There are 4 protein chains.
Amino acid sequence: MNVQLDDTSGKRVAVLNSTLALIKEHGFHGAPMSLIAKHAGVAAGTIYHYFDSKETLILELYVHVKDKLALAISAGDDAEKPYKDRFFNLMINQFNFYVENEDSLFFLEQYMSSPFAKNFPECDSQLFADKVITLFQYGIENAHFRNIDSRLLAPTIKGTLVAAATFQLSEQIVFSKEDILEVISIIWDGVKRQ
Amino acid sequence: MNVQLDDTSGKRVAVLNSTLALIKEHGFHGAPMSLIAKHAGVAAGTIYHYFDSKETLILELYVHVKDKLALAISAGDDAEKPYKDRFFNLMINQFNFYVENEDSLFFLEQYMSSPFAKNFPECDSQLFADKVITLFQYGIENAHFRNIDSRLLAPTIKGTLVAAATFQLSEQIVFSKEDILEVISIIWDGVKRQ
Amino acid sequence: MNVQLDDTSGKRVAVLNSTLALIKEHGFHGAPMSLIAKHAGVAAGTIYHYFDSKETLILELYVHVKDKLALAISAGDDAEKPYKDRFFNLMINQFNFYVENEDSLFFLEQYMSSPFAKNFPECDSQLFADKVITLFQYGIENAHFRNIDSRLLAPTIKGTLVAAATFQLSEQIVFSKEDILEVISIIWDGVKRQ
Amino acid sequence: MNVQLDDTSGKRVAVLNSTLALIKEHGFHGAPMSLIAKHAGVAAGTIYHYFDSKETLILELYVHVKDKLALAISAGDDAEKPYKDRFFNLMINQFNFYVENEDSLFFLEQYMSSPFAKNFPECDSQLFADKVITLFQYGIENAHFRNIDSRLLAPTIKGTLVAAATFQLSEQIVFSKEDILEVISIIWDGVKRQ
DNA sequence: GATGAATGAGGATTCATTCAT
DNA sequence: GATGAATGAATCCTCATTCAT
């Protein structure tokens with residue numbers, strides 16, 4: 001019954017963004033539907049035109065954010081370039097996305113460590129699988145990485161980048177271009193074929 | 001007014017453990033005080049003899065778990081040994097703790113990404129600072145690590161270990177001793193002085 | 001966020017009246033929100049659409065009742081008449097209001113002697129100040145009363161009327177017109193210019 | 001099962017006084033048994049050695065306070081003196097008691113307007129009946145007062161005195177000896193035989 | 001007598017969701 | 001589509017009271 005079409009007034013996106021902002025600021029806890037509605041400038045009931053329940057709202061928000069992340073991460077990727085360059089480009093993009101989209105970072109972290117992630121593993125971004133996972137897979141198959149399970153690679157890499165981004169955001173310190181490359185080198189030196 | 005003393009019947013610890021178990025299973029959401037009480041085999045009101053509010057219960061649980069973690073991590077540490085050995089020992093201990101204490105791992109992850117961590121940064125385990133942070137600090141000062149900010153080191157390391165432990169737990173796959181060493185090598189090769 | 005407007009179904013007033021009735025019958029104690037809701041024929045949550053909390057409900061009820069009192073007291077007041085006549089009219093009106101609105105009388109008494117009155121002295125009926133206090137003030141300024149502090153006059157007068165009304169209500173005795181005039185004479189003879 | 005005897009440590013009185021103090025400060029509402037116990041320096045359970053329930057505690061406190069009031073009011077009463085003098089002495093004593101025992105005044109007011117007074121009318125101070133009511137009765141029988149119902153006299157008188165005392169206490173103004181006599185004259189001129 | 005941990009029913013309040021307009 | 005008043009189950013917490021020590 002949900003209406004994704006002709007949301008000309010953009011209420012659907014407004015609700016998603018408000019949910020994101022509120023969860024970032026106050027956690028899942030501090031984002032009741034009534035507050036989301038008010039923050040988005042819509043009536044409480046209106047949310048239910050676009051989302052079946054609060055649960056699906058969160059779930060769809062997750063995919064929405066992950067899509068944005070996939071797009072940002074894969075920007076400028078060029079299959080012609082050496083793999084290490086492509087990897088570094090991805091990492092830099094990812095770091096920048098986190099820093100520039102604090103609420104997305106915080107939401108993703110909360111989502112991933114919540115029961116949602118465990119209970120709805122099938123609910124994820126196709127775009128992310130296509131753009132990001134694929135590249136990792138390629139690196140594994142072509143022996144650019146150590147011989148580790150592919151499914152361990154992504155969280156390992158993410159862990160360090162998230163740590164760095166969170167650190168910059170919380171500490172009000174700005175990493176220089178070189179600092180970021182140093183951080184990515186930590187990752188690369190760890191996971192690359194030795 | 002809380003009574004930590006002579007809780008001979010162990011109700012305080014029972015409440016902490018029940019909270020841990022329920023949060024692991026159902027998230028912060030699925031752990032109402034009434035359920036915690038029932039799970040712990042105490043009356044709802046009894047919880048409030050030991051904790052001022054649900055918030056302080058969570059906060060004290062965090063320190064409690066972090067204390068246990070610190071103890072487990074630092075087991076068998078020997079200042080006489082080479083630094084790399086000490087580092088590997090810590091990592092192995094940490095990985096094992098996570099795998100053997102799934103509920104602690106899940107709770108810590110949820111706690112760290114929740115607003116609690118941001119709102120109460122001063123509320124942390126002294127034991128952890130003494131046993132674990134100190135060893136990292138030592139490694140930094142004695143140039144065993146790359147020249148990265150000390151505050152970035154810990155979350156980076158943790159990220160990979162947590163990823164590995166979560167992976168093993170969720171996928172029902174048991175890392176062999178060698179697999180674990182491989183994972184720790186990822187970390188070590190990344191952060192060690194190049 | 002409260003909605004005083006277009007409460008066409010009259011739920012707000014129903015809640016006020018139910019609160020009044022229950023407090024009269026059982027005191028502040030015996031008026032839990034759940035009972036008020038049931039008595040008013042609304043859901044418990046509905047009360048919170050109209051009042052922020054139980055405290056504000058009580059506070060707004062006080063002003064509501066005091067407004068009704070002010071209106072009843074000043075009925076038929078005529079600035080052309082001699083002051084003593086106006087005073088007697090007010091007193092008779094007040095006595096009648098108390099007798100005819102037992103729940104208002106009991107509520108006001110409980111409210112005035114509760115910490116509410118001390119903690120929120122600024123929360124009072126403007127109507128009462130305009131209609132009733134003003135007339136007393138006039139009497140003081142024009143030397144119809146003894147030379148006593150104006151702020152002492154009102155409670156003194158009220159004390160006797162409340163005593164009389166309470167007496168009639170509790171004893172199931174009906175004062176005759178003459179009896180009431182006698183009581184008012186007690187007041188008047190006490191406070192009038194000797 | 002209550003023990004009024006050999007309360008050598010004075011715990012019973014301590015509980016009564018703590019209850020009085022807390023009710024004065026925070027109302028019936030703000031005087032939970034646990035707080036009374038702490039304020040009185042006894043264990044919560046101890047209160048139940050002296051009082052069957054919270055209800056009886058309040059009831060007994062009322063009689064206790066009323067006894068003290070009766071004693072204070074009738075101090076210096078002399079059957080040989082003219083009735084008006086005796087009446088004035090009583091009034092002055094009563095005013096002074098209220099001003100000097102603010103918590104008793106506030107408690108009595110709250111008690112009288114609460115459902116307690118209605119539900120337990122038989123629970124009152126014998127001392128008060130003997131010392132104070134008796135004197136009023138005498139005045140009525142000997143035609144010192146107007147021809148009003150005897151049961152109306154006391155609350156009428158009390159109303160004005162309480163108003164005056166409350167006024168002084170709340171406004172931080174000290175009535176002079178003359179001011180008090182003026183107030184009592186209001187009463188006397190009102191109720192005396194015209 | 002005295003203690004205070006323990007109880008659990010009851011109270012204020014929140015919030016996801018519905019539905020008549 | 002959009003609204004927001006209304007719902008009532010669920011939540012956190014309080015507090016009079018009991019009882020083993």
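Residues numbered from 1 in each chain as written. Chains lettered and ligands numbered in written order. Predicted model: local features only at pLDDT ≥ 70, side-chain atom pairs only at ≥ 80, totals over all residues. Heavy atoms only, no water.

The name given to chain A in an unreviewed UniProt entry is HTH tetR-type domain-containing protein, with Pedobacter cryoconitis as the source organism.

Caption draft 1: Layout of the relation of the copies chain B and chain A. At an RMSD of 0.1 Å, chain B and chain A line up after a rotation of 180° and a shift of 0.0 Å along the axis. In the structure described here, the two chain copies are related by an operation that fits a two-fold rotation axis. When the interface residues of chain B are mapped onto chain A, 97% of them again fall at the interface, so both copies present the same face. (Least-squares fit on C-alpha atoms with pLDDT ≥ 70 in both. Contact = heavy atoms within 4.5 Å.)

Caption draft 2: Structural view of the side chain of C:Q94. Mapping C:Q94 onto the fold places it in helix α5 (residues 83-100). Apart from residues lying up to four places away in sequence, C:Q94 is in contact with C:I73, C:K158 and C:L161. (Helix = DSSP H or I, 4+ residues; strand = E, 2+ residues; numbered from the N terminus.)

Caption draft 3: Representation of the UniProt feature "DNA-binding region" (unreviewed entry) in chain A. The residues that UniProt annotates with the feature "DNA-binding region" (unreviewed entry) are residues 32-51 of chain A. The span residues 32-51 of chain A is 75% helix and 0% strand, and its two end C-alpha atoms sit 14 Å from each other. (UniProt positions renumbered as here; feature names shortened; annotations may be inferred.)

Caption draft 4: The arrangement of the chains, seen in detail. There is no contact between chain B and chain C; across them, the least C-alpha separation is 20 Å. The least C-alpha distance between chain A and chain D, which are not in contact, is 30 Å.

Caption draft 5: Quick look at unusual backbone geometry. A positive phi angle, near 60°, is found at A:A143, a position not held by glycine. When its relative accessible area of 32% is taken as the criterion, A:A143 is described as partly exposed. (Buried < 20%, exposed > 50% of the residue type's maximum accessible area, 1.4 Å probe, protein only.)

Caption draft 6: Inspection of the interface of chain B and chain A at higher detail. Contacts between chain B and chain A engage 34 residues on the former and 34 residues on the latter. Overall, the association of chain B and chain A removes approximately 2600 Å² of surface from exposure, summing both partners, and the carbon and sulfur fraction of that is 64%. One can count 4 salt bridges joining chain B with chain A. Here B:R146 ties to A:E182 by a salt bridge, and the two come within 3.2 Å at their closest N and O atoms. Going through the elements one at a time, α1 (11-26), α6 (102-113), α7 (115-119), α9 (150-171) and α10 (177-191) of chain B are the ones with two or more residues in the side of chain B that touches chain A. The dominant element in the side of chain B that touches chain A, judged by the number of residues it contributes, is α9(B), at 10 residues. Its residues placed into classes, the side of chain B that touches chain A shows 13 nonpolar, 12 polar and 9 charged. (Buried area = accessible area lost by both parts, 1.4 Å probe. Salt bridge = Lys/Arg side-chain N within 4 Å of Asp/Glu carboxyl O. Nonpolar A, V, L, I, M, F, W, Y, C, P; charged D, E, K, R; others polar.)

Caption draft 7: Structural view of the side chain of B:D189. Mapped onto the fold, B:D189 is located in helix α10. What makes B:D189 buried here is its relative accessible area of 13%. Apart from the residues lying within four places of it in its own chain, the contact partners of B:D189 are A:R146, A:D189, A:G190, A:Q194 and B:Q194.

Caption draft 8: Expanded view of the domain arrangement of chain A. Residue and element names in this part refer to chain A. When cut into domains, chain A gives domain 1 (1-51) and domain 2 (54-190). The interface of domain 1 with domain 2 comprises 17 residues on the first partner and 17 residues on the second. With both sides pooled, the region where domain 1 packs onto domain 2 buries about 1500 Å², and carbon together with sulfur makes up 71% of that total. Of all residues in domain 1, the largest losses of buried area upon contact with domain 2 belong to L20, K24 and F28, amounting jointly to 44% of the total for that side. Linking domain 1 with domain 2 are 2 salt bridges. We note a salt bridge from E60 to R12, for which the minimum N-O separation is 2.8 Å. Linking domain 1 to domain 2 there are 3 residue pairs in polar contact (both at pLDDT 80 or more). Put simply, the parts of the chain that give the side of domain 1 that touches domain 2 at least two residues each are α1 (11-26) and α2 (33-40). Among the elements that line the side of domain 1 that touches domain 2, the one with the most residues is α1, at 7 residues. (Domains from an automatic or database assignment. Polar contact = N/O pair within 3.5 Å; in protein donor to acceptor, adjacent residues only side chain to side chain.)

Caption draft 9: Inspection of the pattern of salt bridges at higher detail. If you walk through the whole model with that rule in mind, you get 36 salt bridges over all chains. Its salt-bridge partner being A:D77, residue A:R86 comes within 2.9 Å of it at the nearest N-O pair. Taking relative accessible area as the criterion, A:D77 reaches 29% and is therefore assigned partly exposed. Residues joined in a network through salt bridges with shared partners are A:R146, B:E182, B:D189 and B:K192.

Caption draft 10: Molecular detail of the environment of B:Q168. All names here are of chain B. Looking at the secondary structure, you find Q168 in helix α9. Relative accessible area serves as the criterion here: at 12%, Q168 is assigned to the buried category. Here the alpha-carbon distance between Q168 and V99, two residues 69 residues apart in the chain, equals 7.7 Å.

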